[in-house]
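Single-letter residue listing:
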Amino acid sequence: MTKIIRPRRREASRSDLIHAGFQLWLLIFIVGILVGTLWLFRSLEDASPGTRLYQSLHLISDIAIIGILPAIPMILAHLFIRRPLWVGVWQSLSGGLFLGLLYADTVVYRLLGYHFNWAIFNVFTTEGSEEAVHLGPNVWITGTVMVTSLAALGYFFWRWRLGRIMEREVRGGGQTWFLKPRVVCLALLLPLIAVAKSMYAIASITSDREILEASKALPGPKPRLGPYVDSLRGGRNDIYGLLATVSLGGQRGQELIYPRAFPEIPEGAPRPNILLVVLDSWRRDAMSTELTPNLTLRKAQSRTFANHKSGGNGTRFGLFTMLYGLHGSYWFRALENNTTPVLLDSLQAMDYDIRVISAASMKFPEFMRTAWFGLEREQVVDSFLKETGEPISRRSDVKDSLVADAFEQWMEDRDTEDDQRPYFSFVLLDSPHQPYFNPGGPFEPALEKELEYISLGRTTAEPELSILREKVSNTYKNSVLYSDGIAERILARAEQVDRDHPNAAGTIVLVTGDHGEEFYESGFWGHTSNFTPEQIDVPFFMYGPGIEPGIESNPTSHLDVSNSLLELLGADPEKHQGYSQGESLFRPPSERIRVVAGFADVGLLTEQGIIHLPAQAGKEEVWVYDNRWKPIDEMDAIITQQNAALSKLIRECQQFLKQAP
C-alpha cells in the first residue's frame, strides 16, 4: 500500500501574513459596501439609470477611500507585532471596529442627515454632553456585540485564508493573481475612484444637481471644483464668487469685534425684573390648550408673536442669537474669545441680581465659556447633587422639578436678605429634549421605555415607521405637558413676588423654545439636521410693563430679543446696529428675510425657498430647499434672484469680524 506523504506545515512567512491581511481587508471592503447601501435609503426616486450607476460607483469608491482607516493599523501590525496569531487578532479587531463605526454612521445619517463630523466629535469631547445626549445602555451593548462578532468572524476568515495561502506555497503554487494587492489597488480601485471623483468634479463645475444630489448621502471626499471656478467669476465680486471665497462663520482665530458700540441706557430709566423661561425643543405647534394649558392661558394675556422663528436648529444657536443678537455663525468666534453678550454686560453694569437656572449643563453647549463667562459660578445653577457629590438624577424631568425648587429658593433668599436689586433670571427646562423624559401622561401610545436611537435610525419602512412616529411624538407631548406644569410653578412664584414685594418697574416675562423638534416630517428625527418649520418655528410670547397684549403677525426672530429687552430698559432703538443684528419686537417689519444657523451651515429663509449655505467657503454646495427639505428646481435661478439678500447676509456675517489686512 502506497503511503500518502502530506506536505509538512511550516511557519507563516511575512508574505503569507501580508496576503492574508489583504484578503481580510478585501472582505471588510465588500461588507463595507453592503453596509454603505444603508446610506442610500433616500435614493433618488426619479433618477436616470446613469445617475444610479454613478451612485453605485461613488459608493464603492468612497468605501475604498475610507477603507484606508482600517488599512493603516492592519499594515502597522506587520511592523510591530511579531507573533502571527496577534497580527490576525489585531487586524480583525481593526476591521470589526471599522465596520461597527461604519454602521453607526449610517444610523447617524438616517437620523440627522449628516455623517460623523465635528458636531458629533464635539458631543463626545465636551464636558456636560452626557447630560444632553442619553444614548442608553442598549446602544453600547449593541455596539460592543456587533464589533466583537465582526472581529471574531474576521479572525476566523483570516485563519482560513492564511491556511490556504500557506498550503499553496508548500505545494509550489503562487498567490492568486487577481487577489494580489497591486492588482486590486492599481487595476481596479484607483481607476474606479478616479472615474467617480472626476464625474463629481464635472458635476460640481456644471451644477448638475442630479449628480450632486446623488452624492450627498455618501461620506467620502468630494472634489468641489465648482466653488473654485466660482471664486474666479466676476473678479470674485459676483454672488457666486463671494459665496465661494467668504466664510460666513469666519476663520479660526479671526478676532471678534463685538460690540462695535455699547447701548446708552439713561440713569433714571426703569429697571424691571426680567424672567426668561425657555423650554428646550419646544416647537410652535406644541403649544395648545391640550399640551400646555397653563402657558396657553398666560399667552392669552400676553403679546404673542405668531410668526416667530428661532435663530438656529440647535440649542447653542437658538440661545446665542437670543442673548447676543448676532447671527449664529458668530458662535465659534465668540467661543474662541470667551465673548460675553452686551445684554448681560449691561445688566451687570446696572447691578442686576443675575441667576441662570438650567436642567441641562451649561458646559454643553459651551455657555459657561460664552454667554455666562462673565458670571460667578454660583450664579449659574446647572447641577443638582446629593450630599455625596453624585447627581441626584440624570432624568431631565426630575431636574426640571429641581429647577423650579431652585428658583423658588432663590426668590425666598432674596426676600430673606431683603435684596432690593432688580433681577434677571434665565431658566431652561429640558424635559421636551430627547429622550423626552416624563413621569407619564395622557398621550398614548407612548414609548414603553427610553428612546432608542438605533430604532429611530433603522426604521424607515411602513407601517413600522408610522407606529414609531406616533409613540415618539406622544412621548414628546407628555414631556411638554409636564414642563408646562413646571413652567407654571416658576411663573406663579414670580407673580407672587410681584404681589408681595413689587418692583416699582414691574417684571418682564418672556417664554419661548430654543428650537423646534422634528418627528420625521421631512425624513429626519430631532433637530440640528435642517431648517424646516418643525425645527426652527417656536412659540414666543411676552408680558409685562411696556408690552401691549395682542398678536403680532409680522415676522420676528430670536435675533430680536436682546436689543428689544435693552430697548425696554431705555436704550435708543435707533442705535442698536452697533451691538445687534435684530429688529425691534415692538415694531417688526412687515416683510423680512430671516437667517438661521446650524453647526456648519446657514439658512436664508426666502419666499422662493430656504437657501442652504456652508458656513465655511467651499465646504459644500449651495442648495435651495422647500419647507419639506426637498431640493427645488431652478435653484440657481433663485440664488441669482436673491443676490441682494445673499450679499446682505455676507456683509452681516462679516460685520463684527476683524478683516485681514
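Before reading further, recall that the structure is shown in the block above.
Definitions and cut-offs
Residues numbered from 1 in each chain as written. Predicted model: local features only at pLDDT ≥ 70, side-chain atom pairs only at ≥ 80, totals over all residues. Heavy atoms only, no water. Pairing = 2+ DSSP bridges. Helix = DSSP H or I, 4+ residues; strand = E, 2+ residues; numbered from the N terminus. Buried < 20%, exposed > 50% of the residue type's maximum accessible area, 1.4 Å probe, protein only. Phe/Tyr/Trp six-rings, centres within 6.5 Å; stacked < 30°, edge-to-face > 60°. Lys NZ or Arg CZ within 6 Å of the ring centre and 35° of its normal. Contact = heavy atoms within 4.5 Å. Polar contact = N/O pair within 3.5 Å; in protein donor to acceptor, adjacent residues only side chain to side chain. Axes fitted to C-alpha atoms, helices over the stretch in contact; angles between N-to-C directions. Parallel < 35°, antiparallel > 145°, perpendicular 65-115°, else oblique. Left-handed = near helix turned anticlockwise from the far one by under 90°. Nonpolar A, V, L, I, M, F, W, Y, C, P; charged D, E, K, R; others polar.

S.K.: Describe the sheet that holds strand S5 (residues 380-381), and please don't skip the residues or the numbers.
M.R.: One open sheet accounts for eight strands, arranged S5-S4-S6-S1-S7-S10-S2-S11; its pairing is mixed. Both outer strands of the open sheet, S5 and strand S11 (550-552), are each paired with one neighbouring strand and no more. Taken together, the six bridges between strand S1 (residues 273-279) and strand S6 (residues 423-429) define a ladder with parallel strand orientation. The partner of Leu-276 across the bridge, within S6, is Phe-426.

S.K.: Tell me about the pairing of S6, and name the residues and values.
M.R.: Most of S6 is tucked away, with seven of its seven residues classed as buried. Alternating residues of S6 divide into Tyr-423, Ser-425, Val-427 and Leu-429 and Phe-424, Phe-426 and Leu-428, and every residue in both groups is buried. With six bridges connecting them, strand S4 (residues 353-358) and S6 associate as parallel partners. Directly across from Ser-358, in S6, lies its bridge partner Leu-428.

S.K.: Summarise the packing of aromatic side chains; cite the residues concerned and give the values.
M.R.: By the definition in use, this model includes 25 aromatic pairs. Ring centres of Phe-305 and Phe-540 lie 5.2 Å apart, and the angle between their planes is 85 degrees; this geometry places the pair in the edge-to-face category. Of the two residues, Phe-305 is situated in strand S2 (residues 303-305) and Phe-540 in strand S10 (residues 540-543); the sequence distance between them amounts to 235 residues. Taken as a pair, Phe-305 and Phe-540 share a single burial class, namely buried. Within the aromatic cluster, the residues linked to one another by ring pairs are Tyr-258, Phe-320, Tyr-324, Tyr-330, Trp-331, Phe-367 and Phe-656. Above the face of the Trp-623 ring, Lys-216 is positioned so that its terminal group lies 4.7 Å from the ring centre. The ring of Phe-364 carries Arg-316 above its face, with NZ or CZ at 5.5 Å from the centroid.

S.K.: For unusual backbone geometry, give the residues involved together with the corresponding values.
M.R.: The residue after Gln-434, namely Pro-435, is reached through a cis peptide bond having omega 10 degrees. As for its placement among the helices and strands, Pro-435 is situated in the loop between S6 and helix H17 (453-458). Here the amide bond leading from Glu-444 into Pro-445 is cis, since omega sits at 0 degrees, within 30 degrees of zero. Relative to the elements of secondary structure, Pro-445 occurs in the loop between S6 and H17. Positive phi is not limited to glycine here, since Tyr-436 has a value of about 65 degrees. Mapping Tyr-436 onto the fold places it in the loop between S6 and H17. On the basis of relative accessible area, Tyr-436 is assigned to the buried category, the value being 2%. The phi dihedral of Thr-528 is positive, around 80 degrees, even though this residue is not glycine. As for its position among the elements, Thr-528 is in the loop between strand S9 (525-526) and helix H19 (533-536).

S.K.: Describe in detail the environment of Gln-91, supporting the description with residues and values.
M.R.: Looking at the element boundaries, Gln-91 is found in helix H4 (residues 84-112). Using a relative accessible area of 1% as the deciding quantity, one classes Gln-91 as buried. Once residues within four sequence positions are removed from consideration, Gln-91 is found in contact with Gly-21, Leu-24, Met-74, Ala-77, His-78 and Trp-158. A polar atom in the side chain of Gln-91 sits 3.1 Å from the side chain of His-78.

S.K.: Help me get a handle on the environment of Ser-198, residues and values and all.
M.R.: Mapped onto the elements of the fold, Ser-198 is located in helix H8 (residues 181-206). For the pair Ser-198 and Pro-223, spaced 25 residues apart in sequence, the C-alpha to C-alpha distance is 7.9 Å.

S.K.: Outline the pairing of strand S15 (residues 610-614), supporting the account with residue identities and numerical values.
M.R.: Of all five residues in S15, five are buried, a share of seventy percent or more. Alternating residues of S15 divide into Ile-610, His-612 and Pro-614 and Ile-611 and Leu-613, and every residue in both groups is buried. The pairing of strand S14 (residues 601-605) with S15 spans five bridges and is antiparallel. Following the sheet pairing, Val-602 is matched in S15 by Leu-613. In textbook terms, the turn of a hairpin is the stretch between consecutive antiparallel strands, and for S14 and S15 this stretch comprises four residues, one of which, Gly-609, has a positive phi near 160 degrees. Where S15 lies against strand S16 (residues 623-625), three bridges are found, and the strand directions are antiparallel. Bridge pairing in S16 links His-612 to Trp-623.

S.K.: Could you give an account of the environment of Pro-588, naming the residues involved and the relevant values?
M.R.: Of note, Pro-588 is situated in the loop between helix H20 (561-568) and strand S13 (594-597). Placed 33 residues apart in sequence, Pro-588 and Pro-555 show a C-alpha to C-alpha distance of 6.7 Å.

S.K.: Before we move on, can you summarise helix H13 (residues 315-324) with the specific residues and values?
M.R.: Where burial is concerned, most of H13 is hidden: 10 out of the 10 residues are buried. Those residues of H13 that sit buried are Thr-315, Arg-316, Phe-317, Gly-318, Leu-319, Phe-320, Thr-321, Met-322, Leu-323 and Tyr-324. One or two residues past the end of H13 sits Gly-325, with phi positive at roughly 75 degrees.

S.K.: Before we move on, can you summarise the side chain of Arg-592 with the specific residues and values?
M.R.: In this fold, Arg-592 is placed in the loop between H20 and S13. Of the polar contacts made by the side chain of Arg-592, one reaches the backbone oxygen of Pro-555; its length is 3.4 Å. Only 2.7 Å separates the side chain of Arg-592 from the side chain of Asp-560, close enough to count as a polar contact. Not counting chain neighbours up to four residues away, the residues in contact with Arg-592 comprise Pro-555, Thr-556, Ser-557, Asp-560, Gly-582 and Glu-583.

S.K.: Lay out the packing of helix H1 (residues 14-36) against H4 in plain terms, naming residues and giving numbers.
M.R.: Contact geometry of H1 with H4 gives a least axis separation of 10 Å together with a crossing angle of 15 degrees. The angle between the axes of H1 and H4 places the two elements in the roughly parallel class. Judged by the twist between their axes, the crossing of H1 over H4 is right-handed. Taking contact as the criterion, the partners of Leu-17, Gly-21, Leu-24, Ile-28, Val-31, Gly-32 and Val-35 in H1 are, on H4, Pro-84, Gln-91, Ser-92, Gly-95, Phe-98, Leu-99, Leu-102, Tyr-103 and Thr-106. Tallied by class, residues from the contact of H1 with H4 come to 10 nonpolar, six polar and no charged.

S.K.: Give me the side chain of His-558: which residues, what numbers.
M.R.: On the secondary structure map, His-558 appears in the loop between strand S12 (556-557) and H20. Classification of His-558 as buried rests on a relative accessible area of 0%. Side-chain polar atoms of His-558 contact the backbone oxygen of Gly-513, separated by 2.8 Å.

This is a description of form; function is not addressed.
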